[in-house]
Amino acid sequence: MNDIKITKIAKSRVSDFDFDNMPPFGHAFTEHMFVADYIDGEWKNFEIKPLQNLSLHPANLTLHYGQTIFEGMKAFFTNDNEPILYRPLDHAKRFNRSAHRMSMPEIPVDLFIDAIKALVKLEINWIPKAVGSALYIRPLMIAMDDVVGVKPSKTYKFIVLTLPSGPYYNRALSLKASMNYVRAVKGGIGEAKTAGNYGASLYPFNLAKEMGYDQLMWLDAKEHKYVQEIGTMNIFFVIGDTVVTPMLDGAVLHGITRNSIITLLKDKGYKVEERLLSIDELMDAYDKGELKEVFGAGTAAIVAKINKLDINGKIMEFDSDSFEIADYAKNYINDVRKGVIEDKYGWIEKI
Ligand SMILES: *Cc1c(COP(=O)(O)O)cnc(C)c1O
């Protein structure tokens, strides 16, 4: 266990927080944060303290050149009132893969997990109890050098924030294939959870929103033909009796929910393929009546069903209420988290 200095706020206001009427996701924070500094080539000053602003020099390297990465994960209560984390080791490893790509220092996996456990333990009363709710955990690393110049920072901060999050509103989503704008290119930063990917998506996303769509379906940058992912989720299709998801080709984010779904569906006996999947194949399968389910996969929603997909003006509609595989996957992951079925892959970790 890493040694963490803890400074608590004078008086918690958690008892005043209305868990039945939470603000929209992202707006409410708990009362403490974890912070560590990377100085002289090592991580030090492990500290949990009251949530507070950072002080940054205007030349802070993150602000100018985007050397920053993050993660998104959740803590829950099982049905037996045991607080747990979902696949924390996999989140730690992905954080370090993102760090590597962005020329940032890795964080020892035990420090990543100890920091999160210590913070969640302190904020235990902030974990919402309602079904589908969770404490969202946002680990973040930013560059701290104040030097104008395109080179890796020598100093960094690792921060963990926690946010109570209500049940994800699970209506089906409409998608539009992005024919002109791309999210990621092989050799680029698509595999990293780094700010630039999200900043770059805002403009095309707004265009799609103005046209009435909920999310964009990203295609490959070279031919604008092969499916990558949607918004900030990976994507699955059921074509005939086969579950197909785009392969991890260097531009697709390595989703942990994606991995969970592939694992549990294969185990159930479904045929699952990770491969190139073109929009032509999708339109063809739809015309033949073989495109049965489309759903996104990510930590926020677990599974987000798609009821409409627009590819180049061809509108395809789906009866998302009849999706069986999407429901199976979602219920399975929920049941593992609630502790009502055996955790045979070791996905949950007690806090
Ligand atoms: C985080 C993220 C995902 C989903 O990853 P999970 O580990 O399943 O939450 C998918 N795509 C993008 C672009 C993401 O940022």
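Residues numbered from 1 in each chain as written. Predicted model: local features only at pLDDT ≥ 70, side-chain atom pairs only at ≥ 80, totals over all residues. Heavy atoms only, no water.

### Notes on unusual backbone geometry
Alright, step 1. The phi torsion at Asn45 lies on the positive side, around 55 degrees, for a residue other than glycine.
Alright, step 2. A positive phi angle is found at Asn81, which is not glycine, with a value near 65 degrees.
Alright, step 3. Position of Asn81 among the secondary structure elements: in the loop between strand S5 (73-77) and strand S6 (83-86). (Helix = DSSP H or I, 4+ residues; strand = E, 2+ residues; numbered from the N terminus.)

### Describing helix H3 (residues 109-122)
Alright, step 1. For H3, built from 14 residues, the straight-helix expectation of 20 Å at 1.5 Å per residue is met to within 8% by its first-to-last C-alpha distance of 20 Å.
Alright, step 2. Most of H3 sits inside the fold, with 10 of its 14 residues counted as buried.
Alright, step 3. Among the residues of H3, those classed as buried are Leu111, Phe112, Ile113, Asp114, Ala115, Ile116, Lys117, Ala118, Leu119 and Val120. (Expected span 1.5 Å × (residues − 1). Buried < 20%, exposed > 50% of the residue type's maximum accessible area, 1.4 Å probe, protein only.)

### Here we look at the layout of surface pockets
Alright, step 1. In this structure, the largest pocket occupies an estimated 1300 Å³ of space.
Alright, step 2. Along its surface, the largest pocket is lined by 44 residues, and Phe25, Tyr168, Gln215, Thr232 and Ala300 are the ones closest to its centre.
Alright, step 3. Contributions of two or more residues to the lining of the largest pocket are made by helix H2 (88-101), strand S7 (134-143), helix H4 (195-210), strand S10 (215-219), helix H5 (256-268) and strand S15 (291-298).
Alright, step 4. At six residues, H4 tops the list of elements feeding residues into the lining of the largest pocket.
Alright, step 5. The residue inventory of the lining of the largest pocket, partitioned by class, reads 21 nonpolar, 14 polar and nine charged.
Alright, step 6. Here the lining of the largest pocket gathers at least three residues from each of two domains, domain 1 (5-165) and domain 2 (173-338).
Alright, step 7. At the level of elements, S5 and helix H7 (324-338) are the ones that each hand at least two residues to the lining of the second largest pocket.
Alright, step 8. It is H7 that provides the largest number of residues to the lining of the second largest pocket, a total of four residues. (1 Å grid on protein atoms, 1.4 Å probe; cavity = no way out; pocket = protein on both sides within 12 Å on 5 of 7 lines; lining within 4 Å. Points joined across faces, edges and corners; volume = space filled by probe spheres on them. Nonpolar A, V, L, I, M, F, W, Y, C, P; charged D, E, K, R; others polar. Domains from an automatic or database assignment.)

### Here we look at empty space enclosed by the protein
Sizing a probe to match a water molecule and rolling it over the atoms shows the empty space that remains.
Alright, step 1. Counting across every chain of the model gives one cavity of 30 Å³ or more.
Alright, step 2. Estimates place the volume of the largest cavity at around 50 Å³.
Alright, step 3. Lining of the largest cavity is provided by Asp220, Tyr226, Val227, Gln228, Pro246, Met247, Asp249, Arg275, Leu276 and Leu277.
Alright, step 4. Looking at the lining of the largest cavity residue by residue, the class counts come to six nonpolar, one polar and three charged.

### What about the packing of aromatic side chains?
One pair of aromatic rings is described through two measures. These are the centre distance and the angle between the planes.
Alright, step 1. Scanning all chains against the criterion turns up 20 aromatic pairs.
Alright, step 2. Between Phe17 and Phe19 the ring centres are 4.9 Å apart and the planes differ by 80 degrees, which places this aromatic pair in the edge-to-face class.
Alright, step 3. On the accessibility criterion, Phe17 (17% relative accessible area) is buried.
Alright, step 4. Using a relative accessible area of 27% as the deciding quantity, one classes Phe19 as partly exposed.
Alright, step 5. Members of the aromatic cluster, connected to one another through ring pairs, are Phe34, Tyr38, Trp43, Phe95, Phe112, Tyr156 and Phe158.
Alright, step 6. Lying across the ring of Tyr213, Lys176 places its NZ or CZ 6.0 Å from the centre.
Alright, step 7. The lysine or arginine in question, Arg337, covers the ring of Tyr86, its NZ or CZ lying 4.7 Å from the ring centre. (Phe/Tyr/Trp six-rings, centres within 6.5 Å; stacked < 30°, edge-to-face > 60°. Lys NZ or Arg CZ within 6 Å of the ring centre and 35° of its normal.)

### What to know about the pairing of strand S2 (residues 32-39)
Alright, step 1. Counting buried residues in S2 gives seven out of eight residues, a clear majority hidden from the surface.
Alright, step 2. Once S2 ends, the chain turns through two residues before running back antiparallel as strand S3 (residues 42-50), passing Asp40 with a positive phi of about 50 degrees.
Alright, step 3. Across five bridges, S2 lies against strand S8 (residues 156-165) in antiparallel orientation. Across the sheet, the residue bridging to Phe34 is Val160, located in S8. (Pairing = 2+ DSSP bridges.)

### Topic: the domain arrangement of the protein
Often, the extent of an interface is quoted as the loss of accessible area upon association of its parts.
Alright, step 1. Here the protein is partitioned into domain 1 (5-165) and domain 2 (173-338).
Alright, step 2. The C-alpha-based centres of domain 1 and domain 2 are spaced at 27 Å.
Alright, step 3. Taking both partners together, domain 1 and domain 2 bury about 1900 Å²; carbon and sulfur atoms supply 57% of that area.
Alright, step 4. Interface area lost by domain 1 to domain 2 is led by Phe70, Tyr86 and Arg94, which between them contribute 32%.
Alright, step 5. In this assembly, domain 1 and domain 2 are joined by zero salt bridges.
Alright, step 6. Residues belonging to the side of domain 1 that touches domain 2 are distributed by class as follows: eight nonpolar, seven polar and seven charged. (Buried area = accessible area lost by both parts, 1.4 Å probe. Salt bridge = Lys/Arg side-chain N within 4 Å of Asp/Glu carboxyl O.)

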